[in-house]
Amino acid sequence: MRKSLLSITAEIGILFYSLFKWIFLAILAGVVVGAAASLFLLILHESIDFVLKYSPWSFVLLPAGLVVSTYLVKTFAPDAAGHGTEKVIEAIHMRSGRIPIVVVPVKLLATVITLSVGGSAGKEGPCAQIGAGITSSMASLFRFNDIDRKKLVVCGISAGFASIFGTPIAGAIFGLEVLFIGQVLYDVLLPSFISGMVAFQTASLLGVEYFKFPVELHATFSESGFVLAIASGVFFGLVALLHIEIIKAVEGLSGKTSIGPYKKAFYGGCLLLVLGLLFGTRYFGLGTETIEQALSGKDVPLLAFFLKPIFTSITLSVGGSGGILTPTFFVGATSGVTFAKIFGLDPMLFACIGFVAVLAGAANTPIAATIMAVELFGSSVTAYAAASCIVAFVISGHRSVYPSQILARPKSPVFRCNGNEPVEKVSHEVITRETLIPYLREQLKLYWNRKTFHLRDQRKDDEVQ
């Protein structure tokens, strides 16, 4: 009895120590990352305003801006290439979260240049990479082992997302959910939540003003509305799949070109200018104006959700720097309007649902996407958004805008999964005759057994009566 009591006391003591340790580290990470994210956002917005002030046609500088961005990344920090979140996920899985601190200023500057001249990208990826880079350096300073380093870097990711989205709970959960498909790191749940909340509050105190969506939703739940939400999830899942495949295809074509990186950046910028002349300038930059129009229920081009991934994939594949989630929000909101127009539904409601559902399908983060819907649009849309997010997550399959995501659990038992493999290596696993037929036989056998047992029990009940 005494030994048991002693072991229980020791266990509780260790848990209390771990709790207070990670509360302290999470607060520290939240303050530092929130301040760094605030600096990045301030510089970014001032730079965009400065360029637009002197030239409303700033996107004509795209070829030159992409060349400068390519030079900065290749010369000073190759790990800062592309959309930052993917590099962070790769660093956690492949290098125990080790990220050179030089990535932080290079990523900040390259992204500011890319977005200032109209490059189609987002601002959340750099914040995630900045947060991860800072916390990785903190882990080195504290001489943490690989396990604690990964935990602290995950806190940095969550803090970065929370400070950039303006949705602290969804941002914190996104940092946990985005690492694996089918698994959440519960041991980092509390510190990630704390670091996200602290980063958000820090950024708000430092004057960061978050984009407020002019949406007033008062959706009343109904059975027909719920069925429509599920149907929209199928549509948004296919849109997410299209979004992923366009980005992958353009990156593949860019990787096969034999020209040098600077020529590629210049030619890519020229190609974007041509596309802008053909389809309009709404696809340059962050695209927040178009997102706002969609969420307000206003008309947007029917194929806007198809064109934005093309602009974004060209920008990032030829040397531009930025995130992938703001373009994903663009795709989701505009595809929601398209879905509503096709079926004669409320465009505002389905723009809001599409905003989060395409995120759930493209990034495999249905929980974070559902929470984001609540934080942005209110509780009245929760049931519809949750249904659409989950369905879109399933329909998008084993694919992701982040190829380094680990597939921890397949979305169906039909698919084979060796575990701990990047999604890019298992995303094209097909249902073969060897896997499908045994699975169907097993399901039919289970169904027949259940039916047989049910009939047998029913006969017994009849005999008793």
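Here is what the cut-offs are and how they apply
- Residues numbered from 1 in each chain as written.
- Predicted model: local features only at pLDDT ≥ 70, side-chain atom pairs only at ≥ 80, totals over all residues.
- Heavy atoms only, no water.
- Axes fitted to C-alpha atoms, helices over the stretch in contact; angles between N-to-C directions.
- Helix = DSSP H or I, 4+ residues; strand = E, 2+ residues; numbered from the N terminus.
- Parallel < 35°, antiparallel > 145°, perpendicular 65-115°, else oblique.
- Left-handed = near helix turned anticlockwise from the far one by under 90°.
- Contact = heavy atoms within 4.5 Å.
- Nonpolar A, V, L, I, M, F, W, Y, C, P; charged D, E, K, R; others polar.
- Core = buried A, V, L, I, M, F, W, Y, C linked by side-chain atoms within 4.5 Å.
- Buried < 20%, exposed > 50% of the residue type's maximum accessible area, 1.4 Å probe, protein only.
- Salt bridge = Lys/Arg side-chain N within 4 Å of Asp/Glu carboxyl O.
- Arc of directions from axis to C-beta.
- Pairing = 2+ DSSP bridges.
- Phe/Tyr/Trp six-rings, centres within 6.5 Å; stacked < 30°, edge-to-face > 60°.
- Lys NZ or Arg CZ within 6 Å of the ring centre and 35° of its normal.

1. Structural notes on the packing of helix α6 (residues 146–165) against helix α8 (residues 189–205)
Next, step 1: Between α6 and α8, the least distance of the axes is 7 Å, while the angle of their chain directions is 40°. As far as their axial angle goes, α8 and α6 are oblique. For α6 against α8, the interelement crossing comes out right-handed. Contacts from Val154, Cys155, Ser158, Ala159, Ala162 and Ser163 in α6 reach Pro191, Ser192, Ser195, Gly196, Ala199, Phe200 and Ala203 in α8.
Next, step 2: Residues that form the contact of α6 with α8 fall into these classes: eight nonpolar, five polar and no charged.

2. Observations concerning the nonpolar core
Next, step 1: Ranked by size, the top nonpolar core spans 118 residues in total, and within it Phe174, Phe355, Val356 and Tyr402 carry the most contacts.
Next, step 2: In terms of residues, this core owes the most to one element, helix α14 (residues 347–363), which gives 13 residues.
Next, step 3: In contact with valine 356, other than residues within four places in its own chain, are Ala369, Met372, Ala373, Phe377, Ala385 and Cys389.

3. Remarks on the pattern of salt bridges
Close approach of charged atoms lets side chains of opposite charge pair.
Next, step 1: Taken as a whole and assessed by the stated rule, the structure comprises six salt bridges.
Next, step 2: A salt bridge links arginine 95 to glutamate 90; its shortest N-O distance comes to 3.6 Å.
Next, step 3: With a closest N to O distance of 3.8 Å, aspartate 187 and lysine 151 form a salt bridge. Of the two residues, aspartate 187 is situated in the loop between β1 (180–181) and α8 and lysine 151 in helix α6; the sequence distance between them amounts to 36 residues.

4. Brief notes about helix α11 (residues 288–295)
Next, step 1: Turning to α11, its buried residues are Thr290, Ile291, Ala294 and Leu295. All buried residues of α11 fall inside an arc of 135° around its axis, so they share one side.
Next, step 2: Elements in contact with the buried residues of α11: α13 (325–343), α14 and α15 (366–377).
Next, step 3: Glycine 297, located one to two residues past α11, shows a positive phi value of around 85°.

5. Digging into unusual backbone geometry
Next, step 1: With a phi angle near 55°, arginine 143 is a residue other than glycine that sits in the positive phi range.
Next, step 2: The topology assignment puts arginine 143 in the loop between α5 (124–141) and α6.
Next, step 3: Positive phi is not limited to glycine here, since asparagine 364 has a value of about 60°.
Next, step 4: Structurally, the position occupied by asparagine 364 is in the loop between α14 and α15.

6. Details of the sheet that holds strand β2 (residues 406–407)
What links the strands of a sheet is backbone hydrogen bonding, and the strands pair in either a parallel or an antiparallel sense.
Next, step 1: The three strands are arranged β1-β2-β3 in an open sheet whose pairing can be described as mixed. Of all strands in the sheet, those bounded by a partner on one side alone are β1 and β3 (421–422).
Next, step 2: With two bridges joining them, β2 and β3 adopt antiparallel strand pairing. Looking at β3, one finds that isoleucine 406 is bridged to proline 422.

7. Observations concerning the side chain of serine 69
Next, step 1: Note that serine 69 resides in helix α2 (residues 62–76).
Next, step 2: Beyond its immediate chain neighbours, meaning those up to four positions away, serine 69 contacts Ala110, Thr114, Gly319, Gly320 and Ser321.

8. Digging into the packing of aromatic side chains
Aromatic ring pairs are described here by two measures, namely the spacing of the ring centres and the angle between the planes.
Next, step 1: The full count for this structure, using the stated rule, is 20 aromatic pairs.
Next, step 2: Relative to phenylalanine 165, the ring of phenylalanine 161 lies with its centre 5.5 Å away and its plane at 20°, an arrangement referred to as stacked. One end of the pair is phenylalanine 161 and the other is phenylalanine 165, both in helix α6 and four residues apart, which spans about a single turn. An identical accessibility class is assigned to phenylalanine 161 and phenylalanine 165; each is buried.
Next, step 3: Among the aromatic residues, those joined into a cluster by ring pairs are Phe161, Phe165, Phe174, Phe329, Phe355 and Phe377.
Next, step 4: Of note, lysine 21 hangs over the ring of phenylalanine 144, and the distance from its end group to the ring centre comes to 5.5 Å.
Next, step 5: Over the aromatic face of phenylalanine 330 sits the side chain of lysine 308, whose NZ or CZ is 5.0 Å from the ring centroid.

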